[in-house]
Number of protein chains: 2
Amino acid sequence: MVNKFKRVLIGRPMKSGEIEGEKLTKLKALAVLSSDALSSVAYGTEQILIVLMAAGFAAVWYSIPISIAVLGLLFILILSYRQTIFAYPSGGGAYIVAKKNLGVPVGLLAGGSLLVDYILTVAVSSSAGTDAITSAFPSLHDHRVLIAMVMILFLTIMNLRGVTESASVLAIPVYLFVISIFVLIISGVIKYAFGGIHAAAPALGTTVSNVSLFLLLKAFSSGCSALTGVEAVSNAIPNFKQPSEKNAARTLIMMGTILGAMFIGISLLAYWYGIAPNPKETVVSQIANATFGRGVIYYIIQGITALILFLAANTAYSAFPLLAFMLAKDKFMPRMFMVRGDRLGFSNGIINLGVLSALLVIVFQGNTENLIPLYALGVFIPFTLSQLGMMIRWTKLRPSGWKIKFIINTIGMVTTLTIALIFVFTKFTHIWMVFIFLPIVIYIFYQTERHYRNTAEQLRIDVLRDKPVIKGNTIVIPIAGITQVVKQSIGYAKSVTDNVVAVYVGFNDEEIERMEKKWAEWNPGVRLIVLRSSYRSVTRPLMKFINTVEWKTSATDHITVLIPQFITKHWWQHILHNQTSLLLRAYLFNQKNVVISTFPFHLNK
Amino acid sequence: MVNKFKRVLIGRPMKSGEIEGEKLTKLKALAVLSSDALSSVAYGTEQILIVLMAAGFAAVWYSIPISIAVLGLLFILILSYRQTIFAYPSGGGAYIVAKKNLGVPVGLLAGGSLLVDYILTVAVSSSAGTDAITSAFPSLHDHRVLIAMVMILFLTIMNLRGVTESASVLAIPVYLFVISIFVLIISGVIKYAFGGIHAAAPALGTTVSNVSLFLLLKAFSSGCSALTGVEAVSNAIPNFKQPSEKNAARTLIMMGTILGAMFIGISLLAYWYGIAPNPKETVVSQIANATFGRGVIYYIIQGITALILFLAANTAYSAFPLLAFMLAKDKFMPRMFMVRGDRLGFSNGIINLGVLSALLVIVFQGNTENLIPLYALGVFIPFTLSQLGMMIRWTKLRPSGWKIKFIINTIGMVTTLTIALIFVFTKFTHIWMVFIFLPIVIYIFYQTERHYRNTAEQLRIDVLRDKPVIKGNTIVIPIAGITQVVKQSIGYAKSVTDNVVAVYVGFNDEEIERMEKKWAEWNPGVRLIVLRSSYRSVTRPLMKFINTVEWKTSATDHITVLIPQFITKHWWQHILHNQTSLLLRAYLFNQKNVVISTFPFHLNK
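Residues numbered from 1 in each chain as written. Chains lettered and ligands numbered in written order. Predicted model: local features only at pLDDT ≥ 70, side-chain atom pairs only at ≥ 80, totals over all residues. Heavy atoms only, no water.

Participant: How do you make sense of the relation of the copies chain B and chain A when you look at a structure like this?
Facilitator: For the pair of chain copies, the relating transformation is a rotation about an axis with a translation along it. It takes a turn of 180° to lay chain B on chain A, together with a shift of 0.1 Å along the axis; the resulting RMSD is 0.1 Å. The superposition of one copy onto the other is thereby described by a two-fold rotation axis. When C-alpha positions in chain B are compared against the rotation axis, the closest is assigned to Ser597 of chain B, at 2.0 Å. Most of the interface of chain B is mirrored in chain A: 100% of its interface residues are interface residues there too. (Least-squares fit on C-alpha atoms with pLDDT ≥ 70 in both. Contact = heavy atoms within 4.5 Å.)

Put into C-alpha cells, the structure is as follows:
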C-alpha cells in the first residue's frame, strides 16, 4: 500500500547508471544557475523602502543612493567570485574553500551557515512567491501560509521524482522573467518621461530630520538581500561546457549585469512613482499596476515573478542535498544523507530541506520581511569566509599577479564582513537565533564525526589475525503455554543445540502446577524452568533468569533467546495479542549481550 | 527515564497478593455506590427547564408534573433492580443478565452500550463539574474544556495509582453533598414560605399555546437523565457485608429515597424562584445564589457539587475496566484488558476510558446539554435489556410468586423502553451517532472473538502426537564490509551450523571486486555471495536471494537470517547508522518464513 502510493507520487525506481551529465552552454547555465540571484529583485528594493519608511515618506529618496551602493557591492562580489572560479574549477563552494584554506572548524561554520541559508532560500522564495500571488489576488491574503506550504510540498515531491533539470525547460521562465522585468522598466520609464505619472516623490537631497546613520545602514543591509544567490555559478563549474572556467566566468558577469540593471531599474521606478511599501501588495506589483493597470500584462508579470521565485526555491533543492552529501562524506552529518533514493536524488536531504523550510514558514507565518534578515546573514557569513579563504590561498600559493587578486578578495572580504556586522548591529532582534542555532549545528557536526570515528575504531579488523571463534550454544525459549508455536520453536532450537531451556512465568501456584503437569505429559525433550511472578510482570523474572544463564554459560556459550511471534493476517489483529514479546525484545536488546531470534508463526486466518 | 517518570506518577509496583476485599456496610456502600446517581440532581432539573424554555418562560410550570413523573419512574426502577439483586447475588450487571437470559448478541448490545455509557459518565460528570465551578467563577467560563481535561487527567492518574476506594474517605464528600443539598432545599423553602422571594413564576395550569405533547415528552426524557447511575448497587452485591443481598436491597431503597427527595426539592425551588436556565450559570447555582447570596455557603455548595460530580466520574473508572475485563475474558475484547498493571488496576481499561472521554469532551466542547441525551440513551438501553432478561428468567424458572415479580419487571421494561423510544423520537438529531457507533462496536466484538477462536485452533496441540521435529540449519548473514561485527556474527553462525553464507550487496564493479579480494585475504571459512544492485536497494536483492535459499533448502533446513545490529551508547547516535537492518527485518518478518536473529554489537563509546 505505502509502496504503491510512493510509486504514484515519486515514480519508478531508476538504475544507478541513469545519472547523466548534461553539460551547459553559457546561455542555459545562466538560466539554470541564476534564478536565485535574479529573483532577488522581486523583494530587494522593497526591503530598502520598508526600512526607510520608519523615517517617513520623505526619506524614500535615500533608496536611490542606497541602491547604487548595493550595485557597487555587487560589482565587488562578481569580481571576487570570478577569481574563485579560476582557482577552484571543480566547484568552489564556501564549505570547500573555507575548509581547505582556513581549516575544518571554519569550513564547518561556512557549511553550517550555508545549510541554514538553503533552508531560508526555500522559506523566503516561497513566501515572496506567495506575496506575488496575493498581490494580484488580494482575497488569497489570509491563506498565505497554506499557499507557501503547497509550493514547498510540490517542490519536495518534484525533487524526489528527480527534476532532471532539463535546462531548456528551466530556461523559459527565467528568460521570460528577465524580459518581463525589462519590459516593465522600459514602459515605466517611458510613461514617467511622458508625464503619465503624477506622484509627489520627495526630491533627491531633501533633508529629513529623523534619518540616522543607523537607519541608512539598516536600509543598505536590507537592500543587500538582492545579492543573495550570486555564489551559485562558482559552485557549478564542472557542469559547464569546455572551457568551463572561462564560460563560467562569463556567465557570472552576464548574470551580474542583468541583476544590477533590473535592480536599479526597479529602484528608480519605485522612487519616481512615489511608491510606499504595503504589506498587502509588493512594490513590483504596485509598479506594474501603475504602469499597465490591472490588465493582462500585469497578471503575466505577477505570475512570472511567482514562477521565478518558485525556481529560486528549487535551486536550494539541488544545493542543500549536495552540501549535506559532502558533509556526510566527511562524516559530519549522518550517513543517510549519502544514500541516493529510487530516483537518484539524495532523498533524505530533499525531505529534510522540505520539512525544515515548511517549519520556518509556519513559525514566521510566511512573513517575507522577517525572514530576509536571517537569510541575508546566512549568505554573508559564507561570502566572507569564502573571500577570507581565497586571501589565505593567494598568500600561500603566490601565483604571478597574486597581489591584485589578493587585493580584490580583500576588498570583497572587508565589504561582506562589514555588511554581516551591519546586520548584526542593526537587526539583532531579528537574527539573534542564528547565534544560538549555528553553534548547536557545529556541535552536532563534531559529535557526529566523533561517533563515526569511534565506531570505525571499534569495528576495525586485522584480516590476518582476527578470525571467527566457534563457541557452544544455549537457547532460552520463553513460553506462555503448550501450543504449535512452542512445538515449532523447540524443534528449531533442538536442531541448533542440545542446551535448550523453556521458561514459563506463572502468576499463581495453580497455574504453575497445571503447566508442569501438562509439560510432563507432553515431554518434548526439553527442560522446563518455571518462574513465579508476584508482580504480574513477565519481563522482569525472565530478565533475571537470563542474567543467571549469562553468568553461568557466557564464557563457553553463545546465548540465544528465541522469541515466538505471531504474524497476523490483518494488521489490526496485531493489537489483539499481548505485546510482551515486543517488550521483552526491547529490554534484551538494550540491556543484554544475547542473540535475539524471532521465530515467526504466520496465522493464516 | 520513562520508567522513573512512571514511578513518580503511578507509584511502586504492587504484589498480586495485595488485592484485598474490604466489605462494605450499608452506610459506606451508599456513599461509594451512589455518587453517580445522586450527582445527577446537579443537572436533572436543569435539563427539563432547558427543553421547556423553548415554549417560553410561561411553560416552566410543567417542570413540576414532569418531575413527579420522573419520580414515579424512579420508583419503578428501584423495585425492578431490587429483584435483580436477589436474583443475581454475585452481581447482575446488564451484560451478565442479558447474556444469560437473552443470548450473546443481546448481551453484547447491553455490554457495548454500557461501555459507551461509562465513557459518557466521565464526559458528562466532568463537564457538569466544570459547570459548577464556572458558575461560581464566571471568568473561568472560557477555559471549560481545559478544566474538564485536567479533571479527567487527574482521575486517570489517580486510578492508575489504584484508588483503594477507601470507603471512609469517599463517604465524606457524598454525605456532605447530601447534607448541603438538603440545607439548600430547607433554607430555600423557608425563605420562600416567609416571602423572601419575589419571583413571578407562572401559576400551575397556566395555558401555554405552543406547548406540544412532543415538547413535554422531550422534557420528560431529559429529566430522566436524573436517574442515571441507579444500577450501580445491583452490580456490586459481593462487596456488601452479610447478608449481602438484603443489605444491598436496603441500600438501593435508601439511595432511591434520597435521590427522589433531592430531585423534587430542587425542581420545586427552581419553579418557585422562577429560575430560567442560563448557559453560564447552573440552576443549582442560581438557587443557591438566590437563597444565600454569593457568600461562604454558596461557594461551599458549588465546591461540593463539583466534588460529587468528580466522584461520579470516578465510579466509571471502576466500572469500565471491570466490564472490559469481563468482555475480554469472553474474548470479545483484546486480551490486554485482562492484564493488571503495576498497581493492580486494569491499566489498559483506565487509560482507554480516560482518552475516549477526553476526546468526547473536546468534540462536544464540554457542553453538558449536548452530551446528556447520548448519556441517557446509553443508560436506558441496558436498563431495558436488563429488565427484559429478568422477565425471561422468571418465565423460565417460575419460582413461587414469580408472577408478581414478572409484572414488576415488565412494567420496568415497558417504561424504560418507552423512554428509550422517546429519546430516539424527540432527540434523534442528538443521538443518531449511537446507531452508527453501537453496530460498529458489536461488529468489532465479533471480529475479535472470531480471531481469537481461529488463533486458538491454529495453535492447538495434541500432546500425545505433536512432538518437536529436528531439521538442519542454514544461516544467511547480510554483511556490509569486513568488521568486528561480521567476525563475531560468523563465529556465532559457525557454532550453530556449517551451512553459513555471507551475502554482500555491491553497487558497482569496483566495490564488488575490492570486497571479494579482501574476503579471500581474510578467509573466515565461510562462503561469500556477492549480489549486484543496480537500484541502490540493499533489501530487494537480499530478499530475492533469500527466496532462492528458501526454495532450495526449506524442505530440509530451518533458514535463519542473522542480522548484525549496532547498539549505540546514546539513543541519538542511533540515527547515525543506516536503518537498513530495521527495514530488512520488517520485510523478512512480514513476507518470509525465516527465523530472524539479531546479533548485537554494543558500541561502548
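Participant: Any chance you could explain the packing of aromatic side chains here in plain terms?
Facilitator: A ring pair, where both rings are aromatic, is described by two values, the distance of the centres and the angle of the planes. Taken as a whole and assessed by the stated rule, the structure comprises 28 aromatic pairs over all chains. For the ring pair Phe137 of chain B and Tyr299 of chain B, a centre distance of 5.5 Å and an interplane angle of 25° mean the geometry is stacked. Of this pair, Phe137 of chain B sits in the loop between helix 6 (104–136) and helix 7 (144–161) while Tyr299 of chain B sits in helix 13 (residues 296–329), placing them 162 residues apart in sequence. A relative accessible area of 33% means that Tyr299 of chain B is categorised as partly exposed. One aromatic cluster is present, built from ring pairs that chain together Tyr81, Phe380, Phe383 and Phe423 of chain A. (Phe/Tyr/Trp six-rings, centres within 6.5 Å; stacked < 30°, edge-to-face > 60°. Helix = DSSP H or I, 4+ residues; strand = E, 2+ residues; numbered from the N terminus. Buried < 20%, exposed > 50% of the residue type's maximum accessible area, 1.4 Å probe, protein only.)

Participant: Whenever I open this one, the sheet that holds strand 1 (residues 472–479) of chain A confuses me. Can you help?
Facilitator: Whenever strands of a sheet pair, they do so through backbone hydrogen bonds, lying parallel or antiparallel. Within the open sheet, the 10 strands sit side by side as 3(A)-2(A)-1(A)-4(A)-5(A)-5(B)-4(B)-1(B)-2(B)-3(B). Their pairing is mixed. With one partner strand each, in any of the chains shown, strand 3 (527–532) of chain A together with strand 3 (527–532) of chain B form the two edges of the open sheet. If you compare each strand with its neighbour and ignore which way they point, the axes differ by 25° on average. Sitting on the sheet, helix 19 (residues 509–522) of chain A touches strand 1, strand 2 (500–506) and strand 3 of chain A, and the angle it makes with strand 3 of chain A is about 175°. Here helix 19 (residues 509–522) of chain B sits on the sheet and contacts strand 1 (472–479), strand 2 (500–506) and strand 3 of chain B; the angle it forms with strand 3 of chain B, its principal contact strand, is near 175°. (Pairing = 2+ DSSP bridges. Axes fitted to C-alpha atoms, helices over the stretch in contact; angles between N-to-C directions.)

Participant: Teacher, can you tell me more about the environment of Thr305 of chain B here?
Facilitator: Residues and elements named next belong to chain B. The topology assignment puts Thr305 in helix 13. The exposure class assigned to Thr305 is buried, which follows from its relative accessible area of 5%. Residues Thr305 and Phe177, spaced 128 residues apart in sequence, show a C-alpha to C-alpha distance of 6.5 Å. A polar contact of 2.6 Å, which involves the side chain of Thr305, links it to the backbone oxygen of Ile301. (Polar contact = N/O pair within 3.5 Å; in protein donor to acceptor, adjacent residues only side chain to side chain.)

Participant: How should I be thinking about the interface of chain B and chain A in this particular structure?
Facilitator: Put simply, an interface is often sized by how much accessible area is lost when its parts join up. Across the contact, 83 residues belong to chain B and 83 residues belong to chain A. Taken together, the two surfaces of chain B and chain A that pack against each other cover about 7,400 Å², and 58% of this comes from carbon and sulfur. Together, Gln458, Arg536 and Leu576 of chain B form the three largest contributors to the area buried by chain B at its contact with chain A, with a combined 10%. The tally of links between chain B and chain A comes to zero salt bridges. At the junction of chain B and chain A, the tally comes to 17 residue pairs in polar contact (both at pLDDT 80 or more). Sorting the residues of the side of chain B that touches chain A by element identifies helix 17 (428–459), helix 18 (484–496), helix 19, strand 4 (557–567), helix 21 (580–591) and strand 5 (595–602) of chain B as the ones contributing at least two each. Broken down by class, the residue content of the side of chain B that touches chain A amounts to 36 nonpolar, 29 polar and 18 charged. As paired strands, strand 5 (residues 595–602) of chain A and strand 5 of chain B are joined by three bridges and run antiparallel to one another. Residue Ser597 of chain A lies in a different strand from strand 5 of chain B, and its bridge partner there is Ser597 of chain B. (Buried area = accessible area lost by both parts, 1.4 Å probe. Salt bridge = Lys/Arg side-chain N within 4 Å of Asp/Glu carboxyl O. Nonpolar A, V, L, I, M, F, W, Y, C, P; charged D, E, K, R; others polar.)

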